[in-house]
Every structure is written in structure tokens, then in C-alpha cells.
Amino acid sequence: MSARSLSSIGPVARAAIVVGFFAWAFVTLFPLYWVFVTAFKPPPAVVGGPTYIPFLQFMPTMQAWEDILAGIRGDFANTFINSTIVGLSSAAIATLLGAMAAYALVRFEFRVKLASGLVFFALALGLYLAGTNLLGLGRVPSMGIAFVAALVGSILVNRLPAPGPVLGNDDIIFWFVSQRMFPPIVTAFALFLIYSEIGRSGFRLIDTYWGLTLCYIAFSLPIVVWLMRDFFAALPIELEEAAMVDNVPMWRIFVEIVMPMSAPGLAATFMISLSFVWNEFLFALFLTTSKWQTLPILVAGQNSQRGDEWWAISAAALIAIVPMMIMAALLSRLMRSGLLLGAVK
Amino acid sequence: MMRNDPIKHVFIWPAVLIVLIVAIFPLIYSLTTSFMSYRLVPPTPPRFVGLGNYASLLQQPRFWQVVATTTTIAVVAVAIQYVVGFACALALHAKVPGEKLFRVGLLLPMLLAPVAVALIARMVFNPTMGPLNQLMTLVGLPNLPFLTTANWALACIIAVEVWQWTPFVILMMLAGLQTLPDDVYEAAALENATAWQQFKGITFPMLLPISAAVVFIRLIESFKIMDTVFVMTGGGPGISTETLTLFAYQEGFKKFNLGYTSALSFLFLIVITVFGTIYLALLKPHLEKRR
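Residues numbered from 1 in each chain as written. Chains lettered and ligands numbered in written order. Predicted model: local features only at pLDDT ≥ 70, side-chain atom pairs only at ≥ 80, totals over all residues.

### Thoughts on the overall build of chain A
When helices and strands are tallied, chain A shows 16 helices and 2 strands. Scaling as 2.2 N^0.38, a compact globule of 345 residues should have a C-alpha radius of gyration of about 20 Å, whereas chain A reaches 26 Å, well beyond that. Referenced to the eigenvectors of the C-alpha coordinate spread, the extents of chain A come out at roughly 80 × 65 × 40 Å. Per-residue burial for chain A yields a buried fraction of 41% across its 345 residues. (Helix = DSSP H or I, 4+ residues; strand = E, 2+ residues; numbered from the N terminus. Rg over C-alpha atoms; globule rule 2.2 N^0.38 Å. Buried ≥ 20, exposed ≤ 12 C-beta atoms within 10 Å, placed from the backbone.)

Here is the structure:
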């Protein structure tokens, strides 16, 4: 260890390192301090130039918070509840489904022919075009038909002795993760249009709980699969093998042995996907209008509303970030146990 | 063990189906729309135009400016993040004083909503009420109109990106540092290698794979930047800080020019894919040596 600790470096260099590090720590923490104190400033302490120290330079007030609670700056109570419901449920569902998929990808062998993937895409695209242009069906029905047909077709192709390369588990994981590479604007904008078309046929998805949650589950799944795969791969296999010998069914092995053993990993993954969903802006901007609006949309709107009332804007920003700060503290306690090591190796 | 239990399909299909549905439909929808001239306002029925949308996009100077802006933000911000983040991780790993306290504090920014961070940044950069300009006055520098001149606004956005995402680099590099074996360093110390030699000869090469992954993830994510810009400058002044996603949003959600927006988002996808493939291809020989 000695080689990498600070004592092995000369005193001047050591001082430089410490000063540099503290400078960065100041840069990181000052804006957070600033938003905290500003949220309790009376308006004159903001407008008359910057003030820094409460009680000395200004008397803290609860003015901003009263405004927020009174609903002057938008319906914070309801939006907060929306964000909480959507965040918790989509993170929970994504963690469960993603963990199941990651477990299957760690413990079982999957073989997907490249040809079957190509057939899926070709069938989905071709049948959709045929449905809308030749058969005169609407976009939504032709999408449904194309999807089912493409799925059946590609599964059949996978059974046939088709030539071409065979993709294994790593490729499937890569496929999952690559979904995150997608610019979300492609998905968000098209989902908005598809949701509107489905809405016209009577099934409302825009500005509804399920419309937003479905998209957030899909949005979180790649991260969950990626993180959970490493946690599961690190688990000792012997317990599961012992249970196999005793003929315990697979789902019980998963629920009663694997899930409890990887509880810290599941918790960390849940919290990371919760933070992604809680902070997500683009999908919420496209897919909600009023009833299911989430906090980032309301907070972003503070900018233009009623001018630069920074005390109230700070309070609004704090409402969005304090829950994540609490979560960061919880998460860091989990991480101290070397949790992330697996994900890195 | 348990290589071919059919239950594996029950485990994997729910996730695959959801991702397929939410990923493939929008993809097909945008792909087909991108070859059509299709507007909602004023309503025009879809008409096949082939590569027309792509051609007119590629000829538009605004598109190239937006690409240049986005690339500048992504490359500069990620470069600074990597250097600062790696340095902080090394300092934390070497147990600088106060290390325990800062472990949580230094990681905080990455978990905060970008829109809230952008609002805080607007306060800090505010020309009359913000603390930064007061500091500038204090040390004798002129007050700067941070968010209303093109170059400064771009620099501010990069600064906010660095502030928010350096913690991610710290987190990953710190985890990487903890996996390094001690015995190599002990051997190096026996040969009287200086700290810099140890860093150059051991730490940096051994952390190259994780560095490559971290930079890759950050670059991809930075290319998608939208919320920070949306709140901080709205793409202004003029279009000087407009990014690809914001441009697509303006075209799609304000002008409802569907064919054009779809083509734009597809070009974006192609740019990211090409970029990512080149990056991985360049790095592959370096990474495989370490295996």
C-alpha cells in the first residue's frame, strides 16, 4: 500500500495535491450550499446582490416554502406524488424483470441465430409497410400484426437449421446495453406520435400512468440487466446446485436463494434506476401534459414563470434534489461494502 | 449446470418483450416517416420523398452548426471530466485528509436532476445577483455576461456538464483503483520507482480498459445532452448553444415537421453508431493486450 499513499510523495507535491483536491471539493459543494441558503432568503437578500451567510447577512424566512405550498408556482404536491409513484413502480418492475433476465443470461445458455434477428426486423418493417400501404389498415393495427408475425417468424427461423453466425449470451447482453446508446429523442418523439395514434382509437396513453411507466421500465431495463449480471455472476453456484439436486423448482431457487443473496445488489440497482427515472426529463416532456407531469418538467418551467424569483426557484430545485441526496447517502453506505467492484471487473 | 431448463424463457422474455416493443416500434415508425414529407402543422398528408429529408438536412448550415456544438460540448466536457475525475479518484484512494467525508459529497452531483442543476447554475452565473461575478469583481476582473454571449454560454454549459458528471468518473475510477493488486506496487517500490513512474507504468495502463469504458459511456451520454441546455440557455443566444436533441425537439414539437424530425433523429443515431464503432475499433488492440 505504501507506494500509493500520499506519504511517498514529496512535501510540495503533496501540498499541491491536497490543495487541488480541496479546490475541487469546494467547486462541487458550493453550488449545493448556495441553493440551500437561497431557498431561505427573503427577496431583498437576493435582488440586492449576493449574500452568503444566514443570520449575519440576512434573516432566514420560510417565504419561498409558503409560496410553494400555497401552489403559487404550480401544483408541487401532486407532481411530487406523481414522480414518487412513477419512479418507485417503474424502478421496482424494471429491477425485477431485469434481474430475472440477467439471471437467465448468467446461468443458462441462449443461442439466437443472427438470421432470426434479421428476419424479425425485415418482417416487422415489411408487414408494417404492407399493412399501411397495401391493405389500408391504420398504423396501430398494422404495427400489432407486424410485431406478432415478426416474433413468430423469427422464433421459427431460430428453430430451423439456418446458416449464418449464432449469437450467444454476451451478444444478448450487448443488445440490451446498446439500447442505452440510442439517442432518446428517436424513441421519445416516435412514442409520442404512436401514443397519440393509439389514443385516437380510444385507448389513452399520453399523460397516463401506464404510458409513462411502460416507457420508463424499458428505459431502465438495459442498466438493470448490465448491473445485475455482474452481481449474479459473482454468486457462488454451489447453493443453487444443491437445491437443484433436491429438485427444488427453478423459480423457487430464484426467489428464495438467489434474490436474498444478491439483496444489496438489487437494492443498489433499484436505487440507481430510481434516480434515472426521477431525474428524467425528455420522455416526461413528450409524454405528459398535465395530470401525470413529473417534477423535472415542473422545475424546468420555474425558469420562465414570474421572472427571476430565485428564492422560490431554489426551493423548487431543492424539492427535486433532496430525495436524491438522501438516496445518495443510503447508496454510498451500500457501496462502501465494495459493491461496485463486480461491475468493474 | 442446468443448461437447458425451458424455464429460462419465462425468465428472459418479459424483459426482451418490453424492450422490443418500446424500442422497435419507434425505430420502424421513425425510419418509415423519415422518407416521407409529413407535417401536422399545417396538416399535409404523408408523401414519399425518398432521401429528400436527409438531403435537405445535410445542406442546412444550422444542422452542421448544431453537430459542431454538440461535439464540442461532448468532447471538451468529457476530456475535463476524465482528467479531474481520475485525479480526484487517485487523491481519494491515497486517503487525502477528509476523504471519508468527501466520498459522499463528491458523488452527489451525478444523482441530481439536470434541470435542477441547470437552475442552480443560472443562479450562480447570474450577472447581477450571482456569486461568481462578485468574485470576479473582487479579484479585479470585469463582470461577464455569462449566459448571453455565445462563447461564454457554451463554456458555462461545459462547466455544468463537468460539475455534474465528474463524479461518475470518480466513482468508476475509484472502483477500478481498488481492484489493482498491491504486489506490483511493492515490487515497483523496491526498484525505487517514483510516484510518477508508477502511475505511468502501472496505474494508467492497468486502468486503461475501465478508462475506455468510462469515456465511452460519458461521450455517448453527453451527445444526448438536452435538459441542461434547455433550462440554461434554451439553445441561445441565437442558436449558438443548440444541441442535436434540442434541435430535433424544436423541429418536432414546435413545428410538427414529422418527416424532417425523424430524418434528423435517424442521422443522430447514425452519427452515434459510427462514432461508437470507430472508438471501439481504435481501442480494441489496446484493450486485448491486457486480457
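### Regarding the overall build of chain B
Counting secondary structure elements, chain B contains 13 helices and 2 strands. Dimensions along the principal axes, computed over C-alpha positions, put chain B at roughly 75 × 70 × 35 Å. Burial status across chain B gives 42% buried among its 291 residues. Here the analysis covers contacts within chain B between residues at least 6 apart in sequence; of these, 69% occur between residues at least 24 apart. (Contact = placed C-beta atoms within 7 Å.)

### A word on the interface of chain B and chain A
When the parts of a complex come together, some accessible area is lost, and that lost area is often used as the size of the interface. On the side of chain A, 90 residues touch chain B, which itself brings 83 residues to the contact. If you tally residues by element for the side of chain B that touches chain A, the top one is helix 1 (residues 7-33) of chain B, at 18 residues.

### Comments concerning the nonpolar core
Of all hydrophobic cores here, the largest spans 180 residues; its most connected members are L221, V299 and A317 of chain A together with A116 of chain B. Residue contributions to this core peak at 16 residues, all from helix 7 (residues 150-178) of chain B. In contact with A317 of chain A, other than residues within four places in its own chain, are V35 and V299 of chain A together with A116, L119 and I120 of chain B. (Core = buried A, V, L, I, M, F, W, Y, C linked by C-beta atoms within 7 Å.)

### As for the packing of helix 9 (residues 209-234) of chain A against helix 1 of chain B
Contact pair helix 9 of chain A / helix 1 of chain B: the axes reach a minimum separation of 9 Å and the direction vectors enclose 125°. When the interaxial angle is binned, helix 9 of chain A and helix 1 of chain B end up oblique. Where helix 9 of chain A crosses over helix 1 of chain B, the handedness of that crossing is left-handed. Every residue of helix 1 of chain B that contacts helix 9 of chain A at L214, C215, I217, A218, L221 and V225 of chain A is listed here: A15, I18, V19, V22 and A23 of chain B. Residues of the contact of helix 9 of chain A with helix 1 of chain B, tallied by class, amount to 11 nonpolar, no polar and no charged. (Axes fitted to C-alpha atoms, helices over the stretch in contact; angles between N-to-C directions. Parallel < 35°, antiparallel > 145°, perpendicular 65-115°, else oblique. Left-handed = near helix turned anticlockwise from the far one by under 90°. Nonpolar A, V, L, I, M, F, W, Y, C, P; charged D, E, K, R; others polar.)

### Observations regarding the environment of M271 of chain A
Structurally, the position occupied by M271 of chain A is in helix 12 (residues 263-279). Placed 60 residues apart in sequence, M271 of chain A and L331 of chain A show a C-alpha to C-alpha distance of 7.3 Å.

### Quick look at helix 5 (residues 114-134) of chain A
The first and last C-alpha atoms of helix 5 of chain A sit 29 Å apart over 21 residues, in line with the 30 Å expected at 1.5 Å per residue. Buried within helix 5 of chain A we find S116, V119, F120, L123, A124, L127, Y128 and G131 of chain A. End-on view of helix 5 of chain A: buried residues confined to an arc of 145°, all on one side of the axis. Among the exposed residues of helix 5 of chain A, those pointing more than 90 degrees away from its buried face are N133 and L134 of chain A. On the buried face of helix 5 of chain A, the contacting elements are strand 1 (112-113) and helix 6 (139-159) of chain A together with helix 1 of chain B. Downstream of helix 5 of chain A by a residue or two, G136 of chain A has a phi angle that is positive, lying close to 70°. (Expected span 1.5 Å × (residues − 1). Arc of directions from axis to C-beta.)

### Looking at the confidence of the model for chain B
Looking at chain B as a whole, its pLDDT mean stands at 84, while 97% of the residues score no less than 70. Looking across chain B, the model is least confident in helix 4 (residues 99-105) of chain B, with a mean pLDDT of 75, and most confident in helix 3 (residues 61-93) of chain B, with 91. (pLDDT = per-residue confidence, 0-100.)

### What about the pairing of strand 1 (residues 36-39) of chain B?
Residue and element names in this part refer to chain B. Here strand 1 shows one buried face, formed by M36 and Y38, and one open face, formed by S37 and R39. Relative to strand 2 (residues 44-48), strand 1 is paired through 3 bridges, and the arrangement is antiparallel. In the sheet register, M36 faces strand 2, and the bridge partner there is F48. Hairpin remark: strand 1 followed by strand 2, antiparallel, with 4 residues in the connecting loop. (Pairing = 2+ DSSP bridges.)

### Notes on helix 8 (residues 184-200) of chain A
Residue and element names in this part refer to chain A. Helix length check: helix 8, at 17 residues, gives a terminal C-alpha distance of 24 Å against a target of 24 Å (1.5 Å per residue), a fit within 8%. Most of helix 8 is tucked away, with 12 of its 17 residues classed as buried. Positive phi appears at G202, one or two residues downstream of helix 8, with a value of about 105°.

### Thoughts on the environment of L193 of chain A
Its place among the elements puts L193 of chain A in helix 8. As a C-alpha pair, L193 of chain A and I53 of chain A span 140 residues in sequence and 50 Å in three-dimensional space. Discounting chain neighbours no more than four positions away, the residues touching L193 of chain A are Y29 and L258 of chain B.

### Comments concerning unusual backbone geometry
Positive phi is not limited to glycine here, since N247 of chain A has a value of about 60°. If you trace the backbone, N247 of chain A turns up in the loop between helix 10 (238-245) and helix 11 (250-261). For F256 of chain B, which is not glycine, the phi torsion reads 50° and is therefore positive. Along the chain, the position of F256 of chain B falls in the loop between helix 12 (244-254) and helix 13 (258-290).

### Notes on the confidence of the model for chain A
Taken as a whole, chain A shows an average pLDDT of 83; of its residues, 93% reach a score of 70 or greater. Contacts of residues 340-345 of chain A to residues separated by more than four positions or lying in other chains number 16 contacts, the stretch itself having pLDDT below 50.

### With respect to the environment of A320 of chain A
By secondary structure assignment, the location of A320 of chain A is in helix 15 (residues 310-336). The class of A320 of chain A is buried, set by 27 C-beta atoms lying within 10 Å. Taking the C-alpha atoms as reference points, A320 of chain A and V299 of chain A, 21 residues apart in sequence, are found 7.5 Å from one another. For A320 of chain A, the contacting residues outside a window of four places in its chain are L295, P296 and V299 of chain A together with A113 and A116 of chain B.

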